[in-house]
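# A look at the structure
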Amino acid sequence: MSMTPGGPDYLDASGPVEATPDNDNRKRLIVLGALVAGGAVVAGGAWAASSFFSTGSQPSEALPDSTVAYFSVDLDPSGGQKIEAIKTLRKFPGFTDKIDLETDDDLRERLFEEITKSGGCEGLDYAEDVKPWLGSRAAMAAVDLGEDTPAPVGVVQVTDAGKAEAGVAKLVDVCGGGEEAEGDVGGWVVEGDWMVLAETKDIASQVVDAAGDGSLSGDASFEKWTGQAGDDGFMSVYVAKGVTSYLDDLGGFSPGSMMGGDLGMTPQETPEEVPENLQQMIDDFDGAAATVRFDDGAVEIEYAMSDYQPDMTKYVQSDQGVSMVAGLPEDTVAALGFALEEGWGQAMLDYAKKTLSSSDGSDIDEEISQLEAETGLAFPEDLETLLGDGVTISLGSGIDPDAITNGGPGEVPAGIRVKGDAQEIQAVLDKISAQAPPEMAEFMVVTESDGYAVLALQDDYRGKLESGGDLGDNDDYAQVVESDDAQTVLFVNFDADDDWLVRVTEDWPEVSENLAPLSAFGVSGWVDGDVMHGLFKLTTD
């Protein structure tokens, strides 16, 4: 796994997924899963505009608590988020030109049309063969059934069990080769309001039986992490701690991989010995979840995951950098703010030694010693001095592409503000500028302003940074930044500087028209106890 302050975390796989041999039976199974279950999941990307996650029964009820990975979407046409999604995306000409979707459209039918328009299922009719039984919710999952690898499973909501059995049988007949098909084309079991699809009927039955003993929806870890990911949305993702037991011999899992040739996780060759720090991260991982939702003209992605690197994240829990962003000029176009607690440099160095070097870290020590001798810099002390107690990197108003093209970096209204001793910071910059080309060295000069060191490419913008402002009171900022909790923040205001993004793309009208509805974008990151949180939010005018 990896973690970037304020940014998304990723669960790293141990290697690339290897495709299994291509064969007709597997292709037919893929067609079946794509039409009935996987199609609805893939639609979460292509049809995110039309989806929402409402209250009521969810696919997690049909899966056992041994599920290690889960990805669900909801195409229910009656919820408020569906209306919000379509209203939001209809602001973009590219969306209406390509999709032309109305709030009262049957999203399942539109999805069916997209999946079958290639002509692979001639003779299949949505109104007669699919609509009478297909519900609005679906999920893909990886379920631990006690085997060497988890079983890839699809779950689809059904409104009529009998019609669902007949409908899927016809899907297999029309899309999977009919009587001429050889071998098993997959299996399914209908239980209550849900159809469970797997590589074989036996596997599907095992999943149903296991869910009867304890469902994912009632699992304490699932409830904890989906709850930590905030309010309900139209798409949900969950990864259980149990997934780590497969990391030694699995190439990885993603919803997309289940729709490909391998339909799931594939054993991989792994190193004989897992590095100590990586093994500790694996052991400390306790789960994660994410939710995607629409709300009042905005789309949000919120995630929560266990703090599997507490020895590192303890250095990023100050809100000093966020407070500094709130004090930037109100017409700021974009800004990044963060703070690192004292001792972070040595901690990063120690981490690098464990991760990148030999067991005793001697090779990194040698490289650092050589670099210090050549530059006069002291590591990591000078790095900690440069970043002080908080940092903002920002871009101000007055962006002029022609001036920048003709005049160079000095025409860019960009700068850095550091909470720290300006003289000490300048001393470190002097060491760096001595090694840099003259055209770069001229920009490595800081000025002091009320406890802050200011460095800017443009003199006018330097003055604005020295004076500060009240960006935190800006409505666009308040709408996309989780100001009460954030410890790291990224903010972009598309409305600032006379709709700067529209201006700089005006030579490409089609692009410019589709960027015009954007208002602001924010990323907020914070650590609360043993949980790491992140919120991505994009608003429209």
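Please refer to the structure placed before this passage.
A few points on the structure. Since we're looking at a predicted model, the values are computed, not measured.

Another aspect to go through is the overall build of the protein chain. Helix and strand counts for the protein chain stand at 21 helices and 16 strands. Of all 541 residues assigned to the protein chain, the portion counted as buried reaches 49%. Considering only contacts in the protein chain between residues 6 or more positions apart, those separated by 24 or more positions represent 71%. When the accessible surface of the protein chain is totalled, it reaches about 24800 Å², and 49% of it is carbon and sulfur.

With 15 residues, helix α6 (residues 161–175) should cover 21 Å at 1.5 Å per step; its first-to-last C-alpha distance of 21 Å lies within 8% of that length. The set of residues buried in α6 consists of Ala164, Gly167, Val168, Leu171, Val172 and Cys175. Projected down its long axis, α6 carries its buried residues within an arc of 140 degrees, all on one side. Two or three places before Gly162, at the start of α6, stands the capping residue Asp160, its side-chain oxygen 3.1 Å from that residue's backbone nitrogen.

For soluble globular proteins, the rule of thumb is that nonpolar side chains tend to be buried together. Core analysis: the largest hydrophobic core is formed by 25 residues, its most contacted members being Leu63, Tyr70, Val153 and Tyr238. If you list the elements that add at least two residues to this core, you get β2 (134–143), β3 (151–158), β5 (194–198), α7 (201–213), α8 (220–228) and β6 (235–240).

A word on the packing of aromatic side chains. The tally for this structure, following the rule as stated, stands at 6 aromatic pairs. Centre to centre, the rings of Phe222 and Tyr238 are 5.1 Å apart; their planes meet at 85 degrees, and the pair counts as edge-to-face. Taken together, the residues Phe222 in helix α8 and Tyr238 in strand β6 connect sequence positions 16 residues apart. Here the two residues Phe222 and Tyr238 agree in accessibility, since each one is buried. Measuring from centroid to centroid gives 5.1 Å for Tyr477 and Phe491, while their planes differ by 75 degrees, and the two rings are edge-to-face. Separated by 14 residues along the polypeptide, Tyr477 in helix α19 (residues 475–480) and Phe491 in strand β14 (residues 488–493) bring together distant segments of the chain. The burial state of Tyr477 is the same as that of Phe491; both residues are buried. These aromatic residues form a ring-pair network of at least three members: Tyr70, Phe222 and Tyr238. Seen from the ring of Tyr452, Lys419 lies directly overhead, with NZ or CZ sitting 4.7 Å from the centre.

What counts, and where the lines are drawn
- All chains use their own residue numbering, which begins from 1 and follows the written sequence.
- Two thresholds apply to this predicted model, a pLDDT of at least 70 for residue-level local features and 80 or more for giving and counting side-chain atom pairs, whereas whole-chain, interface and lining totals are computed over all residues.
- Side-chain measures here rest on the full set of heavy atoms in the structure, leaving out hydrogens and waters.
- Each helix is a run of H or I in the DSSP string that is no shorter than four residues. Each strand is a run of E no shorter than two, and both are numbered from the N terminus.
- The rule is simple: take the accessible area with a 1.4 Å probe, protein chains only, and divide by the maximum for that residue type; under 20% is buried, over 50% is exposed, in between is partly exposed.
- When checking whether two residues touch, look at their non-hydrogen atoms; a contact exists if any pair is within 4.5 Å.
- To measure how exposed things are, a 1.4 Å probe is used in the Shrake-Rupley method; for residues, cover is taken only from the protein chains shown.
- Here a helix's expected span is defined as the number of its residues, less one, multiplied by 1.5 Å.
- An arc is given here, and it is the one of the directions from the helix axis to the C-beta atoms.
- For this analysis, a polar contact is any N or O atom pair within 3.5 Å, provided that within protein one partner can donate a hydrogen and the other can accept it, and provided that sequence-adjacent residues contribute only side-chain to side-chain pairs.
- Joining through side-chain atoms within 4.5 Å is the link that ties buried Ala, Val, Leu, Ile, Met, Phe, Trp, Tyr and Cys residues into a set, and such a set is a nonpolar core.
- Two aromatic rings from Phe, Tyr or Trp, using only the six-membered ring of Trp, form a pair when their centres are within 6.5 Å; if the ring planes differ by under 30 degrees the pair is stacked, by over 60 it is edge-to-face, and anything between is tilted.
- Placement of a positive charge over a ring is assigned whenever Lys NZ or Arg CZ falls within 6 Å of the ring centre and within 35 degrees of the normal to the ring plane.

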